[in-house]
Amino acid sequence: MTSSHRDCHFCLQSLRGRKYALREENAYCVPCYDSLYANPCEECKQPIECSSKDLAYKGRHWHEGCFRCAKCSRSLVEKPFAAKDEVLLCTECYSDEYSSKCFHCQKTIMPGSRKMEFKGSSWHESCFVCQYCQQPLGTKPLITKDNENYCVPCFEKQFAHRCYACKKVITSGGVAYHDQPWHKECFVCAVCKTQLSGQRFISKDEYPYCVDCFSKFHAKKCAACKKPIAALGGAKYISFEERQWHGECFICAKCSVSLVGQEFLARQDDILCHKCGSA
């Protein structure tokens with residue numbers, strides 16, 4: 001600015017024909033203004049004269065030519081930048097030094113872009129997708145297998161066990177029977193439908209039976225008392241020529257002596273001890 005009728009507010013010298021600067025409605029010659037009010041440059045420590053452009057950031061000031069990236073020295077004038085420990089960096093240098101790397105693509109997650117955090121790792125939003133359907137997972141429920149993430153429907157379709165009985169996915173617990181997975185509530189007696197999980201049962205023809213039903217419908221009948229022989233728990237029985245006996249029922253038909261572990265003779269439907277059979 002120039003004036004022909006003002007004096008410098010500080011040195012009182014005439015400003016006629018001279019450049020001057022205004023501060024709080026007072027006029028100053030350029031040397032006085034610079035000595036009184038020029039901000040020191042953060043980079044070169046020299047005053048930023050009123051004839052120079054003063055760039056300010058968080059209370060600090062730079063010459064236009066000094067406002068540069070501390071690492072690569074590129075100008076930051078009218079460009080995005082970031083600050084770390086009061087040091088200014090261009091976005092590229094800041095990313096190289098401090099930004100997270102995407103767990104999936106291993107590329108830098110640039111400042112200002114959306115970042116997903118999962119199990120201590122960072123992901124680009126576009127990289128955080130279901131391994132199977134490739135749809136973004138965002139904040140949806142997910143399941144991880146072999147370091148790959150899946151949405152719940154895709155995981156169930158690909159990996160989840162399905163109940164042998166109802167064919168639906170087993171989401172928790174379950175029972176293994178004949179190398180097949182079952183829901184606990186589906187693992188029931190083939191006859192009475194009583195739940196067998198945690199209970200004693202007997203298997204026949206790939207089907208499970210409770211003890212009562214197996215004894216009633218499938219257990220061998222004792223040739224003597226005609227009652228079922230329950231083999232559960234290792235119950236002892238004697239078998240001879242397609243007939244079976246309870247251990248306590250395997251006795252001589254005449255003298256009733258136990259024949260378990262003894263020699264015996266078969267005569268028609270009777271079993272006799274050696275003495276009675278020889279008489």
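The numbering scheme is per chain: residues are counted from 1 as the chain's sequence reads. In keeping with the predicted nature of the model, local features appear solely for residues at pLDDT of at least 70, side-chain atom pairs appear and are counted solely at 80 or more, and the whole-chain, interface and lining totals rest on all residues. Side-chain calculation: all heavy atoms of the structure are included, whereas hydrogens and water are not.

Trainee: A description of the packing of aromatic side chains should follow, citing residues and the corresponding values.
Mentor: Only Phe, Tyr and Trp rings take part, Trp by its six-membered ring, and two of them pair if their centres are within 6.5 Å. Stacked means planes under 30 degrees apart, edge-to-face means over 60, and tilted covers everything else. Summed over the entire model, instances satisfying the criterion amount to 19 aromatic pairs. Ring geometry for tyrosine 33 versus tyrosine 37: centroids 5.4 Å apart, planes at 50°, classification tilted. Linking tyrosine 33 with tyrosine 37, this pair stays in helix α1 (residues 30–37), spanning 4 residues, or about one helical turn. Partly exposed residues are those whose accessible area sits between 20% and 50% of the maximum for their type, while under 20% is buried and over 50% is exposed, using a 1.4 Å probe and protein chains only. Its relative accessible area of 17% is what places tyrosine 33 among the buried residues. Looking at tyrosine 37, the relative accessible area reads 28%, which means it is partly exposed. Each residue in the set Tyr164, Tyr177, Trp182, Phe187 and Phe201 is aromatic and connected to the rest through ring pairs, giving one cluster. Here the basic side chain of arginine 23 rests over the ring of tyrosine 37, its NZ or CZ set 4.0 Å away from the ring centre. Our definition puts a charge over a ring when NZ of Lys or CZ of Arg is within 6 Å of the ring centre and also within 35 degrees of the ring normal. The lysine or arginine in question, lysine 167, covers the ring of tyrosine 164, its NZ or CZ lying 4.8 Å from the ring centre. Secondary structure is summarised from DSSP: a helix means a run of H or I of at least four residues, a strand means a run of E of at least two, and numbering begins at the N terminus for each.

Trainee: How would you summarise the domain arrangement of the protein chain if you had to cite specific residues and measurements?
Mentor: One can read the domain layout of the protein chain as domain 1 (160–217) and domain 2 (221–278). On a C-alpha basis, the centroid separation for the pair domain 1 and domain 2 is 34 Å. Between domain 1 and domain 2, roughly 400 Å² of surface is buried when both sides are summed, and carbon and sulfur atoms account for 70% of that area. Summed over the three residues of domain 1 that lose the most area to domain 2, namely Arg200, Ile202 and Ser215, the buried surface amounts to 67% of that side. The term salt bridge refers to a pairing of a side-chain nitrogen on Lys or Arg with a carboxyl oxygen on Asp or Glu at a separation within 4 Å. There are 0 salt bridges connecting domain 1 and domain 2. Residue ranges for the domains originate in an automatic or database domain assignment. Two parts placed together each lose some accessible area; with a 1.4 Å probe, that loss summed over both constitutes the buried area.

Trainee: Which residues make up unusual backbone geometry, and what are the values?
Mentor: A positive phi angle, close to 60°, is found at glutamate 78, a residue other than glycine. Relative to the helices and strands, glutamate 78 resides in the loop between β5 (60–63) and β6 (81–84). Phi is positive for serine 256, which is not a glycine, with a value near 65°. Relative to the assigned elements, serine 256 resides in the loop between β19 (243–246) and β20 (264–267).

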